[in-house]
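# A look at the structure
Chain by chain, the residues:
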Amino acid sequence: SLHDALPILTAHMRMATAVLSRHHPAPQRRRLLRNLATVATLAGRLAFEDLGDAAAGRSYYSLAIDSAHQAHDYQAAAIALGYTAQLAQAQTITTAALNHLSTALAHAQHAPTVAPWLASMQATICADSGDHATAAQALDRAKHQTTQSGTQPLPPIDHSPAHLLATTGHVHLQAGDH
């Protein structure tokens with residue numbers, strides 16, 4: 001069950017943190033930090049999206065962001081920041097959501113595979129806050145970058161054609177284009 005998965009992820013993060021407290025060559029340390037960032041992102045999603053614990057989700061995302069930054073992993077940082085923006089938006093903290101998203105988009109300049117997912121998220125956040133022009137521009141970027149990249153979605157994010165279609169519908173509904 002989902003309740004059983006979180007303690008396993010938490011134990012993994014504790015072990016990774018303990019291992020990181022010892023000296024390791026730089027490449028090994030970066031791999032450990034990337035692993036910690038990925039597991040913390042998954043824990044954040046589980047805590048917030050599935051178990052409804054926003055505070056725990058935010059805490060795990062913060063650990064993921066810090067670990068990704070230490071590893072110089074722009075993609076992992078962009079993903080964790082994207083989920084942090086999503087959490088803030090779900091709590092109707094739009095300014096914080098847009099700030100996290102802006103930082104995520106800056107990281108995505110070095111990790112373009114996450115850019116379409118972040119653009120679709122920006123479209124949703126802007127549509128929900130009434131900024132329909134920016135939402136439409138972000139949606140266009142999400143569509144263009146998706147067809148341009150031609151890559152498979154990354155495991156921790158959902159940017160499938162169905163997700164893009166749902167985002168398109170949401171943006172149009174919020175703008176009153178139905």
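Nothing here was measured: the structure is a model prediction, and the numbers come from that model.

## Description of the overall build of the protein chain
If you tally the helices and strands in the protein chain, you get eight helices and zero strands. The linear arrangement of helices and strands in the protein chain, starting from the amino end, is α-α-α-α-α-α-α-α. Counting across all 178 residues of the protein chain, residues that qualify as buried make up 40%. By sequence separation, contacts in the protein chain at least 24 residues apart represent 62% of the contacts at least 6 residues apart.

## So, unusual backbone geometry
One non-glycine residue, H72, lies in positive phi territory at about 55 degrees. Of note, H72 is situated in the loop between helix 3 (54-71) and helix 4 (74-90). One non-glycine residue with positive phi stands out, namely T92, at about 55 degrees. Structurally, T92 is set in the loop between helix 4 and helix 5 (94-108).

## With respect to the pattern of salt bridges
Scanning all chains against the criterion turns up two salt bridges. Between R45 and E49 there is a salt bridge, and its shortest N-O distance comes to 3.1 Å. You can see R45 and its partner E49 sitting in helix 2 (residues 26-50), four residues apart, about one turn around the helix. Residue R45 is classed as partly exposed on the basis of its relative accessible area of 24%. In this structure E49 comes out as partly exposed when scored by relative accessible area, which is 36%.

## Section: the nonpolar core
One finds M13, Y60, V114 and L118 to be the most contacted residues of the largest nonpolar core, which totals 38 residues. Among the secondary structure elements, those contributing two or more residues to this core are helix 1 (2-20), helix 2, helix 3, helix 4, helix 5 and helix 6 (115-128). Top contributing element to this core by residue count: helix 4, with eight residues. Not counting chain neighbours up to four residues away, the residues in contact with L118 comprise A78, G82, L101, A104, L105 and A108.

## Some remarks on helix 3
Three- or four-residue spacings in an α-helix give side chains the same orientation, since the helix completes a turn every 3.6 residues. Taking 1.5 Å of rise per residue, the 18 residues of helix 3 would be expected to cover 26 Å, and the 25 Å separating its terminal C-alpha atoms lies within 8% of that figure. Its side-chain oxygen 3.4 Å from the backbone nitrogen of A55, D53 forms the N-cap of helix 3. Phi for H72, located one or two positions after helix 3, is positive at around 55 degrees.

## A look at the side chain of Q122
Tracing the chain through its elements places Q122 in helix 6. The class for Q122 is buried, based on a relative accessible area of 14%. Every residue in contact with Q122, bar those within four places of it in the chain, is listed here: L101, L105, T134, A138 and R141.

## Notes on the packing of helix 3 against helix 4
Between helix 3 and helix 4, the least distance of the axes is 8 Å, while the angle of their chain directions is 160 degrees. By the angle class used here, helix 3 and helix 4 are roughly antiparallel. Handedness of the crossing formed by helix 3 with helix 4: left-handed. Listed contacts from helix 4 to A54, G57, R58, Y61, A64, I65, A68 and H69 of helix 3 are A76, A77, A80, L81, Y83, T84, L87 and A88. Looking at the contact of helix 3 with helix 4, its residues break down into 12 nonpolar, three polar and one charged.

## Quick word on the confidence of the model for the protein chain
The share of residues in the protein chain with pLDDT of 70 or more is 87%, and the mean pLDDT across the chain is 87. Within the protein chain, no element has a lower average pLDDT than helix 8 (residues 161-174), which sits at 70, and none a higher one than helix 3, at 97.

Conventions adopted
- Residues numbered from 1 in each chain as written.
- Predicted model: local features only at pLDDT ≥ 70, side-chain atom pairs only at ≥ 80, totals over all residues.
- Heavy atoms only, no water.
- Helix = DSSP H or I, 4+ residues; strand = E, 2+ residues; numbered from the N terminus.
- Buried < 20%, exposed > 50% of the residue type's maximum accessible area, 1.4 Å probe, protein only.
- Contact = heavy atoms within 4.5 Å.
- Salt bridge = Lys/Arg side-chain N within 4 Å of Asp/Glu carboxyl O.
- Core = buried A, V, L, I, M, F, W, Y, C linked by side-chain atoms within 4.5 Å.
- Expected span 1.5 Å × (residues − 1).
- Polar contact = N/O pair within 3.5 Å; in protein donor to acceptor, adjacent residues only side chain to side chain.
- Axes fitted to C-alpha atoms, helices over the stretch in contact; angles between N-to-C directions.
- Parallel < 35°, antiparallel > 145°, perpendicular 65-115°, else oblique.
- Left-handed = near helix turned anticlockwise from the far one by under 90°.
- Nonpolar A, V, L, I, M, F, W, Y, C, P; charged D, E, K, R; others polar.
- pLDDT = per-residue confidence, 0-100.

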